[in-house]
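# Tertiary structure, described
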Amino acid sequence: MCGIVGLFLKNDALHPRLGDMLGDMLVTMTDRGPDSAGIAIYGPAGEGTKITVQSDTPGAAFDGLAEALSAELGAAVTMTRADTHAVLHMPEAVAAAAIAALEARGLRVMGTGRSMEIFKEVGLPADVLERFGIRAMGGTHGIGHTRMATESAVTTLGAHPFSTADDQCLVHNGSLSNHNQMRRRLAKKGVMTRTENDTEVGAAYISSRIAEGATLGEALEGTLKDLDGFFTFVTGTRDGFGVVRDPIACKPAVMAETPDYVAFASEYRAFADLPGIEAARVWEPEPATVYFWER
Amino acid sequence: MSVLDLQAMGLRAINTTLQSAAGSGDSFTIANPRGSHAVAVGLDGPLNVTVQGSTGYYCAGMNKEAEITVEGSAGPGLAENMMSGTVTVTGDASQYAGATGRGGLLNIRGNASSRCGISMKGIDIVVHGNIGHMSAFMAQKGNLVVLGDAGDALGDSLYEARIFVRGKVASLGADCVEKEMRPEHLEILADLLSRAGADAAPGEFRRYGSARNLYNFNIDHADQY
């Protein structure tokens, strides 16, 4: 199954509540997948680059990391820690060198960008939210996922969202059947993936199309032609999020819109606590149709 | 009229209460459904149930004789295998609404998504809006009435169910063809529209049914399998 959620806040007054609202939505979807959970939170894009990293031994890995990196890169690096994750903030010019330095230390890069932070771990959504303090996080929009694993192992790296480019990430309900072929096609173009997971290939496909000049809408349209299998995709970008379902559309999806927000979920249950949901326009996204909202 | 709060009582207690009362003709209101699954399933006698809000998967499944109204939208598998009675949804219904239904009236005032009436076996379904792709796939008996448009592959591998569509049909499925609307069909349609409270004239609809070419195995097609 898998449960996926997305929330795009149109009303600025709700921004401080993003983590709480999206967290509630994700917890409601817990029984669609108990294996791992994750959330991507988008704040206002600031100066510099944020790199979210993960370590199974955060004490040893993160103690003194910001200072060491600052010295190594010759630039100011600050760090915010949250359980097994840390978000490092630095000037954009040193970001590529920082990623190499972090990976050389054995740290896993969860995502990079000006506004996106990704937190994901094995376990139930409620526990993952608690470990990272996600309910206290504000932002403009976010997407989340709770996983029932099919195509790859239950690990931190196998958890969604998958990020394959700055400020871009993807959550997926379904399974892709041509992901190995697509992984090889992407590798020939120099687009590398880190895991055996099918969704990561979907994310890499979308970001490679955008890197080639496609709009988000065109990249999502491309998934309908180039990816085979079952999917309801929700993709996050710096400015918003997009939704697309495969033409057979057996994976559920429902959307709600009010003057304050646009919400996506696998099931209506996830909307029950959203403010003003009684008066929201609620509808099921059409198969093979691309939807996106951007600010 | 009894009001049952789903969040306070829990789903199983609600369904047990309704199933025990089935046959009494009493009226119940279910408050706070919050998209729950399997609300008001397995009712097998006269009973009036109003659900105040949207429901999730499998609402009103296996209904027999009860009248159930959902004031909101319904998730996948609405009124699956309904035997008789009436199920009304004021909003939209998700995929495979009315699947395998054997009787009764399923009245969807909004849109129904894909696979509406799949393998229906005698149920009458009236959709006031549009329906999605692969609707009435392998439908055997009953009537599917659509006031709006129908998606791709309508009535694929159809048996003897009747399909009436007022709007556009994106495409017909294998062995589904448009058929002549005869007086007896207009009569059936007028009755269904009236029972569903639909404001539409029977003459505005087109009828679709089975070309009956797929009924029997044709030896000339053996190499196609």
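Criteria and cut-off values
- Residues numbered from 1 in each chain as written.
- Chains lettered and ligands numbered in written order.
- Predicted model: local features only at pLDDT ≥ 70, side-chain atom pairs only at ≥ 80, totals over all residues.
- Heavy atoms only, no water.
- UniProt positions renumbered as here; feature names shortened; annotations may be inferred.
- Helix = DSSP H or I, 4+ residues; strand = E, 2+ residues; numbered from the N terminus.
- Phe/Tyr/Trp six-rings, centres within 6.5 Å; stacked < 30°, edge-to-face > 60°.
- Buried < 20%, exposed > 50% of the residue type's maximum accessible area, 1.4 Å probe, protein only.
- Contact = heavy atoms within 4.5 Å.
- Core = buried A, V, L, I, M, F, W, Y, C linked by side-chain atoms within 4.5 Å.
- Pairing = 2+ DSSP bridges.
- Axes fitted to C-alpha atoms, helices over the stretch in contact; angles between N-to-C directions.
- Domains from an automatic or database assignment.
- Buried area = accessible area lost by both parts, 1.4 Å probe.
- Salt bridge = Lys/Arg side-chain N within 4 Å of Asp/Glu carboxyl O.
- Polar contact = N/O pair within 3.5 Å; in protein donor to acceptor, adjacent residues only side chain to side chain.
- Nonpolar A, V, L, I, M, F, W, Y, C, P; charged D, E, K, R; others polar.

### Focus on the UniProt feature "domain: Glutamine amidotransferase type-2" (unreviewed entry) in chain A
- The positions UniProt marks with the feature "domain: Glutamine amidotransferase type-2" (unreviewed entry) are residues 2-295 of chain A.
- Its end C-alpha atoms 28 Å apart, residues 2-295 of chain A is made of 27% helix and 32% strand.

### Re the packing of aromatic side chains
Residue and element names in this part refer to chain A.
- What the rule picks out here adds up to 9 aromatic pairs over all chains.
- Aromatic side chains phenylalanine 8 and phenylalanine 241 sit 6.4 Å apart centroid to centroid with 85 degrees between the ring planes, which places their arrangement in the edge-to-face category. Taken together, the positions of phenylalanine 8 in strand 1 (residues 3-9) and phenylalanine 241 in strand 12 (residues 240-245) put the pair 233 residues apart, joining distant regions of the chain. Here phenylalanine 8 and phenylalanine 241 have matching classes, each one buried.
- Centre to centre, the rings of tyrosine 268 and phenylalanine 271 are 5.9 Å apart; their planes meet at 80 degrees, and the pair counts as edge-to-face.

### Re the side chain of Ser36(A)
- With respect to the helices and strands, Ser36(A) occurs in strand 2 (residues 36-42).
- Setting aside its immediate chain neighbours within four residues, Ser36(A) contacts Glu121(A), Val122(A), Gly123(A), His145(A), Thr146(A), Arg147(A) and Ala159(A).

### What to know about the nonpolar core
- In this structure, Leu18(B), Val49(B), Leu78(B), Leu106(B), Ile131(B) and Leu144(B) are the most contacted members of the largest nonpolar core, which totals 47 residues.
- Ignoring any residue separated from it by four or fewer positions in sequence, one finds Val49(B) in contact with Leu18(B), Phe28(B), Ile30(B), Ala40(B), Leu43(B), Glu67(B), Ile68(B) and Thr69(B).
- Counting residues in each nonpolar core, the second largest holds 33 residues, with Val5(A), Ile39(A), Val87(A) and Tyr268(A) among its members.

### Some points on the pairing of strand 9 (residues 162-165) of chain A
All names here are of chain A.
- Here strand 9 runs beside strand 10 (residues 168-176); their pairing, made up of 2 bridges, is antiparallel. What sits directly across from phenylalanine 162, in strand 10, is leucine 170.
- Counting the residues in the hairpin turn of strand 9 and strand 10 gives 2 residues, including aspartate 167, whose phi is positive at 60 degrees.

### A word on the sheet that holds strand 12 of chain A
Residues and elements named next belong to chain A.
- The 5 strands lie next to each other as 9-10-11-12-16, forming an open sheet whose pairing is antiparallel. Sheet topology places strand 9 and strand 16 (291-294) at the edges, where each strand pairs with a single neighbour. Geometrically, the sheet is characterised by an average inter-axis angle of 20 degrees between neighbouring strands, direction not taken into account.
- Contacts between helix 7 (residues 198-211) and the sheet are confined to strand 9 and strand 10, with strand 10 contributing the most and set at about 135 degrees to the helix.

### Structural notes on the domain arrangement of chain A
Residue and element names in this part refer to chain A.
- According to the domain assignment, chain A contains domain 1 (3-45 + 118-294) and domain 2 (47-113).
- Between the C-alpha centres of domain 1 and domain 2 the distance comes to 24 Å.
- The partner domain 2 presents 14 residues to the 13 residues of domain 1 that form the contact.
- Here domain 1 and domain 2 share an interface that buries about 1,200 Å² over both sides, 50% of which is from carbon and sulfur atoms.
- Counting every contact that joins domain 1 to domain 2 gives 2 salt bridges.
- Salt-bridge contacts for arginine 194 lead to glutamate 103; the nearest nitrogen and oxygen are separated by 2.7 Å.
- Run the count over domain 1 and domain 2 and you get 8 residue pairs in polar contact (both at pLDDT 80 or more).
- Mapped by element, the contributors of at least two residues to the side of domain 1 that touches domain 2 are strand 7 (116-122), helix 5 (125-132) and strand 9.
- Broken down by element, the residue count for the side of domain 1 that touches domain 2 peaks at 4 residues, all from strand 7.
- Across the side of domain 1 that touches domain 2, the residue classes break down as 5 nonpolar, 2 polar and 6 charged.

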